[in-house]
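Residues per chain are reported as follows:
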Amino acid sequence: MTEAASREAIQRVDSGEQYGKPGLPLYVVETPLCRAVIAEQGAQLLEFQGKGKEPLLWLSPRAGFERGKAVRGGIPLCLPWFGIHPDKDKPKHGLVRSRPWSLDSAEILADGEVQLVFTYRHDADALFDSDFLCRYTMTLGETLGLELELQNTGADSAKFSWAWHTYFAVEDVASVHVLGLEGQGYLDNTRGLTRARLEGALAFPGEVDRVFESAPDRQRIQLPSPITTASEGCDTVITWNPGAELAATLPDVGDHYRGFVCVEHGNAFADSWNLAPGESRSAKLAFSQE
Ligand SMILES: O=P(O)(O)OC[C@H]1O[C@H](O)[C@H](O)[C@@H](O)[C@@H]1O
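Residues numbered from 1 in each chain as written. Predicted model: local features only at pLDDT ≥ 70, side-chain atom pairs only at ≥ 80, totals over all residues. Heavy atoms only, no water.

J.: Tell me what's going on with the overall build of the protein, and back it up with residues and numbers.
T.: Scanning the protein from N- to C-terminus turns up 3 helices and 23 strands. For 290 residues, the compact-globule estimate of 2.2 N^0.38 gives 19 Å, and the protein sits close to it at 18 Å. The principal-axis extents of the C-alpha atoms in the protein amount to approximately 55 × 50 × 35 Å. Taking all 290 residues of the protein together, 51% fall into the buried category. Counting contacts in the protein only where the partners sit at least 6 residues apart, residues at least 24 apart contribute 61% of the total. When the accessible area of the protein is evaluated, it comes to approximately 12,800 Å², of which 46% is carbon and sulfur surface. Here the protein holds 27 positive side-chain charges and 41 negative ones, and the gap between their average locations is 3 Å. (Helix = DSSP H or I, 4+ residues; strand = E, 2+ residues; numbered from the N terminus. Rg over C-alpha atoms; globule rule 2.2 N^0.38 Å. Buried < 20%, exposed > 50% of the residue type's maximum accessible area, 1.4 Å probe, protein only. Contact = heavy atoms within 4.5 Å. Areas by Shrake-Rupley, 256 points an atom, 1.4 Å probe, with all protein chains shown as cover. Lys, Arg positive; Asp, Glu negative; His and termini not counted. Charge placed at Lys NZ, Arg CZ, Asp CG, Glu CD.)

J.: I'd love a proper account of the site of the ligand, names of residues and values included.
T.: Around the ligand sit Arg72, Phe82, Lys92, His93, Arg97, His165, Asn189, Asp209, Ile238, Trp240 and Glu264, and that is every residue in its neighbourhood. Between an oxygen atom of the ligand and a side-chain N or O atom of Arg72, the distance comes to 3.1 Å. Between the ligand and the protein, one listed contact pairs an oxygen atom with a side-chain N or O atom of Asn189 at 3.5 Å. Protein burial of the ligand: of its 390 Å² of free accessible surface, 88% is covered by the chains. (Near = heavy atom within 4 Å. Polar contact = N/O pair within 3.5 Å; in protein donor to acceptor, adjacent residues only side chain to side chain.)

J.: Explain the packing of aromatic side chains to me, using residue names and the numbers behind them.
T.: The full count for this structure, using the stated rule, is 19 aromatic pairs. Taken together, a centroid distance of 5.8 Å and an interplanar angle of 45 degrees make the contact between Tyr120 and Phe132 tilted. Of this pair, Tyr120 sits in strand 7 (residues 114-122) while Phe132 is found in strand 8 (residues 132-140), placing the two residues 12 residues apart along the sequence. Neither residue differs from the other here; Tyr120 and Phe132 are each classed as buried. Taken together, a centroid distance of 5.1 Å and an interplanar angle of 90 degrees make the contact between Trp162 and Trp164 edge-to-face. Feature note: the residues Trp81, Trp101, Tyr120, Phe128, Phe132, Tyr136, Phe160, Trp162, Trp164 and Trp273 constitute an aromatic cluster, connected by ring pairs. (Phe/Tyr/Trp six-rings, centres within 6.5 Å; stacked < 30°, edge-to-face > 60°.)

J.: Mind laying out the pattern of salt bridges, listing which residues take part and the relevant values?
T.: Here the structure, examined in full by the defined rule, presents 10 salt bridges. With a closest N to O distance of 2.7 Å, Glu290 and Arg220 form a salt bridge. Of this pair, Glu290 sits in the segment after strand 23 (280-289) while Arg220 sits in strand 18 (residues 218-222), and the two are 70 residues apart along the sequence. Each member of the salt-bridge network shares a partner with another, and the members are Glu30, Arg35 and Glu47. (Salt bridge = Lys/Arg side-chain N within 4 Å of Asp/Glu carboxyl O.)

J.: Describe in detail the nonpolar core, supporting the description with residues and values.
T.: Core analysis: the biggest nonpolar cluster contains 71 residues, and Tyr136, Leu140 and Trp164 have the highest contact counts within it. Examining the composition of this core, we find that 5 residues originate from one element, strand 8, more than from any other. Not counting chain neighbours up to four residues away, the residues in contact with Tyr136 comprise Ala43, Leu77, Trp101, Leu116, Val117, Phe118, Leu146, Glu147, Leu148 and Trp164. (Core = buried A, V, L, I, M, F, W, Y, C linked by side-chain atoms within 4.5 Å.)

J.: Explain the sheet that holds strand 4 (residues 44-50) residue by residue, including any values.
T.: With antiparallel pairing, the 4 strands of this open sheet are ordered in space as 1-2-3-4. Only two strands of the sheet have a single neighbouring strand rather than two, namely strand 1 (10-14) and strand 4. Recorded for the sheet is a direction-independent mean angle of 15 degrees between the axes of neighbouring strands. Sheet topology places strand 3 (residues 34-39) next to strand 4; 6 bridges connect them, and they run antiparallel. Following the sheet pairing, Ala36 is matched in strand 4 by Phe48. (Pairing = 2+ DSSP bridges. Axes fitted to C-alpha atoms, helices over the stretch in contact; angles between N-to-C directions.)

And the structure:
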């Protein structure tokens, strides 16, 4: 790959140029195989569209692009804790989604795929009292592949829970089904994390917020052009849509809740990772669209 080729394929712009809302630096990737937009903050994928495919991700038309706040949509990475922290003063879903990351390398591979590697280095602070390092690789071809390596760089063992919080673009949430979770037990987060079991395919008739521990590694989102997810090393699947009532309280969602379902992959609750000093673990997630 020449430097000129990668400069042409990967442009750094401000969110003002892309969405008319200035504030966050973005990378726009355009190749014969796909188009993608990634916010440097949080290494958050905002858009991905493989050649000849429907857009994979939902990005809220009401999304804000502010430093220190995750953008509503795309794939925020929740880490080093997923969900509500027992200490109510700490933010939901950890801290890396709203912190600056750095793009360490950008390469065009022999087959024309673009590979981006982002890193985030955490020095123990008041929010998370342990050092760690994330190395996040995105492979952008006709399909999308993600890999996360997490290393405990601190002197003590530490517990990490995390997820790729993917917002999939759908025509109407009411007609979407997710396969690959039938018969599985889950924690119902709309009922104080009570345990239940899913009969049949997962549907979204209203607010749905479910945590499937030890979940299967493939799901299929039934749409006119179905999407399949295949994960490695992701034991937890979380499914979410706020439904009309809760969405009305989320200024960056509102009526647009109909346009997405979240099917999230990571390791949270009983599947959280305990890492010894120096220990690393990794996980992968691949998306394909028919
Ligand atoms: O609004 P956020 O902090 O991005 O969280 C959005 C949602 O994320 C996950 O799916 C959780 O299970 C939900 O409980 C939460 O409401």
